[in-house]
Amino acid sequence: EADIYQTPRYLVIGTGKKITLECSQTMGHDKMYWYQQDPGMELHLIHYSYGVNSTEKGDLSSESTVSRIRTEHFPLTLESARPSHTSQYLCASSGSGGAGTDTQYFGPGTRLTVL
Amino acid sequence: KNQVEQSPQSLIILEGKNCTLQCNYTVSPFSNLRWYKQDTGRGPVSLTIMTFSENTKSNGRYTATLDADTKQSSLHITASQLSDSASYICVVSDRGSTLGRLYFGRGTQLTVWP
């Protein structure tokens, strides 16, 4: 089992609230990722990081923001949640091998519902 | 356009039976192909990884095959168990960037009945 953790596991909030989804890993991985997954659909990359103070937007446009102040921590923030943000959010990390060769280890996910 | 297509979308089998899941991809340039297992409400867990030169890779009752010429892969599950009920996701990585961009299929939802 991978040592990557996400909190909360489930979150139901009202429109307009600010939320932060937490992700931490204890494997010392440099690369971390946030994915969004809707039921029956593929994972979409929304943010990634190569290391501390490095963050990039992924393929899927997202109104969320991320930060990477510490290697082990990669939180995702929504300043003003909307119903369209309802989804499952998965955090992952990988080591520093060659391009695409390192397996990504996923956290258990956060199921977000915005009312 | 780089894509990963999986079939069938869903599958129901009886405990103890074998099954084969399919994955076709158009990702280029190709780096490697992974199969992940995702239990309901959990994150995906890697089962196998194959590079261009590998034709087959086993992990217990799971055996993955790769035909890089036809850009097809399969995941064979032997003597299925109830715990095999999950979504199986095919993921292909390209060599086009330092990040090693991953392309995800939508998964095959497998249900094993007793």
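Provided above is the structure to which this section pertains.
First, a word on what this report is: a plain description of the structure on this page.

**Examining the overall build of chain A**
- The helix and strand inventory of chain A stands at 0 helices and 11 strands.
- Helices (α) and strands (β) of chain A occur, in sequence order from the N terminus, as β-β-β-β-β-β-β-β-β-β-β.
- Scaling as 2.2 N^0.38, a compact globule of 115 residues should have a C-alpha radius of gyration of about 13 Å, and chain A matches this with 13 Å.
- C-alpha atoms of chain A, sized along the principal axes, occupy 40 × 30 × 25 Å.
- Within chain A, buried positions represent 49% of all 115 residues.
- Within chain A, contacts between residues separated by at least 24 positions form 54% of all contacts whose residues are at least 6 apart in sequence.

**Some words on the packing of aromatic side chains**
- Evaluated as defined, the whole model comprises 7 aromatic pairs over all chains.
- Where Phe106(A) meets Tyr36(B), the ring centres are 5.6 Å apart and the plane angle is 90°; that geometry is what we call edge-to-face. Taken together, the residues Phe106(A) in strand β10 (residues 105-106) and Tyr36(B) in strand β4 (residues 30-38) connect one chain to another. Each member of the pair, Phe106(A) as well as Tyr36(B), carries the same accessibility label: buried.
- Arranged with centres 6.1 Å apart and planes meeting at 45°, the rings of Tyr62(B) and Tyr88(B) form a pair that is tilted.

**Side note on the nonpolar core**
- Counting residues in each nonpolar core, the largest one holds 25 residues, and the members touching the most others are Val4(B), Tyr25(B), Leu33(B), Trp35(B), Leu75(B), Tyr88(B) and Val92(B).
- Sorting the residues of this core by element identifies β3 (19-25), β4, β5 (45-51), β7 (62-67), β8 (72-77), β9 (86-94) and β11 (108-113) of chain B as the ones contributing at least two each.
- Ignoring sequence-local partners within four residues, the contact set of Tyr25(B) consists of Gln3(B), Val4(B), Phe30(B), Leu33(B), Leu66(B), Asp67(B), Ala68(B), Lys71(B), Gln72(B) and Val92(B).
- Ranked by size, the runner-up nonpolar core spans 18 residues in total, among them Leu11(A), Ile13(A), Met32(A) and Val66(A).

**Some remarks on the environment of Met50(B)**
Residues and elements named next belong to chain B.
- Tracing the sequence through the fold places Met50 in strand β5.
- As for Met50 and Asp69, which are separated by 19 residues in sequence, their C-alpha atoms are 14 Å apart.
- In this structure, Met50 is in contact with Phe30, Asn32, Leu33, Asn55, Thr56, Lys57, Ala64, Thr65, Leu66 and Ser73, ignoring residues within four places of it in sequence.

**Focus: the sheet that holds strand β1 (residues 4-7) of chain A**
All names here are of chain A.
- Taken in spatial order, the 4 strands line up as β1-β3-β8-β7 in an open sheet, and their pairing is antiparallel. If you trace the sheet from one side to the other, it starts and ends with β1 and β7 (65-66), each paired once.
- Where β7 meets strand β8 (residues 76-78), 2 bridges bridge the pair, whose relative direction is antiparallel. Directly across from Val66, in β8, lies its bridge partner Leu76.

**A closer look at the interface of chain B and chain A**
- Chain B puts 22 residues into the contact, and the matching count from chain A is 25 residues.
- Summed over the shared surface of chain B and chain A, the result is 1 salt bridge.
- Glu42(A) is the salt-bridge partner of Arg106(B), the closest N and O atoms lying 3.0 Å from each other.
- Our count for the contact surface shared by chain B and chain A stands at 5 residue pairs in polar contact (both at pLDDT 80 or more).
- For the side of chain B that touches chain A, the secondary-structure elements that each account for two or more residues are β4, β5, β9 and β10 (102-104) of chain B.
- Ranked by the residues each element gives to the side of chain B that touches chain A, the list is headed by β4(B), at 5 residues.

**Quick look at the layout of surface pockets**
- Its boundaries defined by the atoms lining it, the largest pocket holds a volume of some 850 Å³.
- Together, 39 residues line the largest pocket, and Met41(A), Glu42(A), Leu43(A), Gly105(B) and Arg106(B) are the ones closest to its centre.
- Breaking the lining of the largest pocket down by element, the ones donating at least two residues are β5 (44-51) of chain A together with β1 (4-7), β9, β10 and β11 of chain B.
- Residues that form the lining of the largest pocket fall into these classes: 12 nonpolar, 17 polar and 10 charged.

**Examining the sheet that holds β3(B)**
Residue and element names in this part refer to chain B.
- Reading across from one edge, β1-β3-β8-β7-β6 is the order of the 5 strands in this open sheet, with antiparallel pairing throughout. Of all the strands in the sheet, the pair left with one neighbour each is β1 and β6 (56-59). Sheet twist, expressed as the average angle between the axes of neighbouring strands with direction ignored, equals 15°.
- As judged from the 4 bridges shared by β1 and β3, these two strands associate in the antiparallel manner.

The rules behind the values
Residues numbered from 1 in each chain as written. Chains lettered and ligands numbered in written order. Predicted model: local features only at pLDDT ≥ 70, side-chain atom pairs only at ≥ 80, totals over all residues. Heavy atoms only, no water. Helix = DSSP H or I, 4+ residues; strand = E, 2+ residues; numbered from the N terminus. Rg over C-alpha atoms; globule rule 2.2 N^0.38 Å. Buried < 20%, exposed > 50% of the residue type's maximum accessible area, 1.4 Å probe, protein only. Contact = heavy atoms within 4.5 Å. Phe/Tyr/Trp six-rings, centres within 6.5 Å; stacked < 30°, edge-to-face > 60°. Core = buried A, V, L, I, M, F, W, Y, C linked by side-chain atoms within 4.5 Å. Pairing = 2+ DSSP bridges. Salt bridge = Lys/Arg side-chain N within 4 Å of Asp/Glu carboxyl O. Polar contact = N/O pair within 3.5 Å; in protein donor to acceptor, adjacent residues only side chain to side chain. 1 Å grid on protein atoms, 1.4 Å probe; cavity = no way out; pocket = protein on both sides within 12 Å on 5 of 7 lines; lining within 4 Å. Points joined across faces, edges and corners; volume = space filled by probe spheres on them. Nonpolar A, V, L, I, M, F, W, Y, C, P; charged D, E, K, R; others polar. Axes fitted to C-alpha atoms, helices over the stretch in contact; angles between N-to-C directions.

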